[in-house]
Amino acid sequence: MAIEPKTLGDLASLRPAGGDAAAVVASGAPVHVQKLDKFGRAYATGKRKNAIARVWIKPGAGRIIVNKKDFEQYFARPVLQMLLKQPLNAASRSTQYDINVTVVGGGLSGQAGAVRHGISKALTYFEPDLRPVLKKGGFLTRDSRVVERKKYGKMKARRSFQFSKR
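Treat the numbers as computed from the prediction; the structure is a model and nothing was measured. (Residues numbered from 1 in each chain as written. Predicted model: local features only at pLDDT ≥ 70, side-chain atom pairs only at ≥ 80, totals over all residues. Heavy atoms only, no water.)

Asker: Hey, could you go over the layout of surface pockets for me, with residue numbers and the actual values?
Answerer: Taken as a whole, the largest pocket spans an internal volume of roughly 170 Å³. Every residue lining the largest pocket is listed: Val31, His32, Val33, Lys35, Lys121, Thr124, Tyr125, Pro128, Arg131, Lys135 and Leu140. Counting only elements with at least two residues in the lining of the largest pocket, the list comes to α5 (108–126) and α6 (131–137). If one sorts the elements of the lining of the largest pocket by residue count, α5 sits on top with three residues. Of the residues contributing to the lining of the largest pocket, the split by class is five nonpolar, two polar and four charged. (1 Å grid on protein atoms, 1.4 Å probe; cavity = no way out; pocket = protein on both sides within 12 Å on 5 of 7 lines; lining within 4 Å. Points joined across faces, edges and corners; volume = space filled by probe spheres on them. Helix = DSSP H or I, 4+ residues; strand = E, 2+ residues; numbered from the N terminus. Nonpolar A, V, L, I, M, F, W, Y, C, P; charged D, E, K, R; others polar.)

Structure (structure tokens):
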């Protein structure tokens, strides 16, 4: 049976032999390791609104392919193209990786957000050292906001039908 500490002096005697208290705490921290498939690619899933993006990253010349099209052709608006490149620019890796993306569901804005989320996660799987940079930029956080459902007796989620006294 273990000894129950009654005083602060008793706690000091329970410290592991040869171990520093800071080292014990540090060993409990999660260790992020590189996750690659058999082809040397990192895979991640990104989500935003109703869009789901499957992202594969491998070393290359910096090409981004979305649904078998160049990303500039798929996302024609410059704002959406900028959204896609944000995690790569934050990590200074814009020309080091080829990215292949399959995205389904939602509209173009949601799809661009899903691709950005997937690229960020895949970058952390390929290079775990990039995690603090991407986390600080807010790219690893899944934006959980979705459209509110329509309620019965209402026109939309909250809008009521027009009131008439007659």
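Asker: How would you summarise the pairing of strand β2 (residues 51–59) if you had to cite specific residues and measurements?
Answerer: Judged from the seven bridges that link them, strand β1 (residues 42–48) and β2 form a sheet pairing that is antiparallel. The residue bridging Ala44 from the neighbouring strand is Val55, located in β2. Direction of pairing for β2 relative to strand β5 (residues 97–104): antiparallel, over a ladder of eight bridges. What sits directly across from Trp56, in β5, is Asn100. (Pairing = 2+ DSSP bridges.)

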